[in-house]
Amino acid sequence: MVTTAGLRDKIGEMYPEIKEHHLSMTVDFDVSKSAFMVTFKREGEELKTLIEKKDAEDCMNNIK
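Remember, it's a predicted structure, so these values are computed and weren't measured experimentally. (Residues numbered from 1 in each chain as written. Predicted model: local features only at pLDDT ≥ 70, side-chain atom pairs only at ≥ 80, totals over all residues. Heavy atoms only, no water.)

**Q** Please explain the pairing of strand β3 (residues 45-52) as it appears in this structure.
**A** If a strand is regular, its side chains alternate between the two faces of the sheet. Across 8 bridges, strand β2 (residues 35-42) lies against β3 in antiparallel orientation. Bridge assignment links R42 to a residue of β3, and that residue is E45. (Pairing = 2+ DSSP bridges. Helix = DSSP H or I, 4+ residues; strand = E, 2+ residues; numbered from the N terminus.)

Structure (structure tokens):
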């Protein structure tokens, strides 16, 4: 089972440049979309992206 905290940690592990570029990252589960919403923020700028449940599972299992 994928948790928001686990997925956030895994993404941070895979992409250390997130910290290097001082981005804040949050991961929430969007029930209406049945997907994980990943939000990156820095200096008033914001970027959101969705990760489907299957892709999140693959990420946690080091598949992709």
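Back to the write-up after that little detour.
**Q** Explain the nonpolar core to me, please; I cannot follow it from the model alone.
**A** Soluble globular proteins tend to bury their nonpolar side chains together. Judged by nonpolar contacts, V2, L7, I11, I18, M25, V27, F36, V38, F40, I51, A56 and C59 together constitute the single largest core of 12 residues. Listed by contribution, the elements that provide at least two residues to this core are α1 (4-14), β1 (24-30), β2 and α3 (53-60). For this core, the element with the highest residue contribution is β2, accounting for 3 residues. Leave out the neighbours within four places in its chain, and I11 touches I18, M25, V38 and I51. (Core = buried A, V, L, I, M, F, W, Y, C linked by side-chain atoms within 4.5 Å. Buried < 20%, exposed > 50% of the residue type's maximum accessible area, 1.4 Å probe, protein only. Contact = heavy atoms within 4.5 Å.)

**Q** Where do I start with the pattern of salt bridges in this structure?
**A** Close approach of charged atoms lets side chains of opposite charge pair. By the definition in use, this model includes 5 salt bridges. When the shortest N-O distance is used, the salt bridge between R8 and D9 registers 3.5 Å. The class of D9 is partly exposed, set by a relative accessible area of 46%. Two residues, K33 and D30, come together in a salt bridge whose shortest N-O distance is 3.9 Å. The class for D30 is buried, based on a relative accessible area of 18%. (Salt bridge = Lys/Arg side-chain N within 4 Å of Asp/Glu carboxyl O.)

**Q** Would you mind showing me how to read the packing of α1 against α3 here?
**A** Between two packed helices, the angle of one axis relative to the other and the distance separating the axes together describe the packing. With their axes 10 Å apart at the nearest point, α1 and α3 run at an angle of 60° to one another. With respect to α3, the axis of α1 lies oblique. Read as a crossing pair, α1 and α3 show a hand that is left-handed. Here G6, L7, K10 and M14 of α1 come into contact with α3, specifically with A56, C59 and M60. (Axes fitted to C-alpha atoms, helices over the stretch in contact; angles between N-to-C directions. Parallel < 35°, antiparallel > 145°, perpendicular 65-115°, else oblique. Left-handed = near helix turned anticlockwise from the far one by under 90°.)

**Q** Whenever I open this one, unusual backbone geometry confuses me. Can you help?
**A** Negative phi is the rule for most residues except glycine; trans is the rule for most peptide bonds. Although it is not a glycine, S34 adopts a positive phi angle of roughly 50°. With respect to the secondary-structure elements, S34 resides in the loop between β1 and β2. Residue S34 is classed as partly exposed on the basis of its relative accessible area of 34%. Here the phi dihedral of N62 falls at roughly 60°; this positive angle occurs in a residue that is not glycine. Looking at where N62 falls in the secondary structure, it is placed in the segment after α3. Residue classification places N62 among the exposed positions, given a relative accessible area of 59%.

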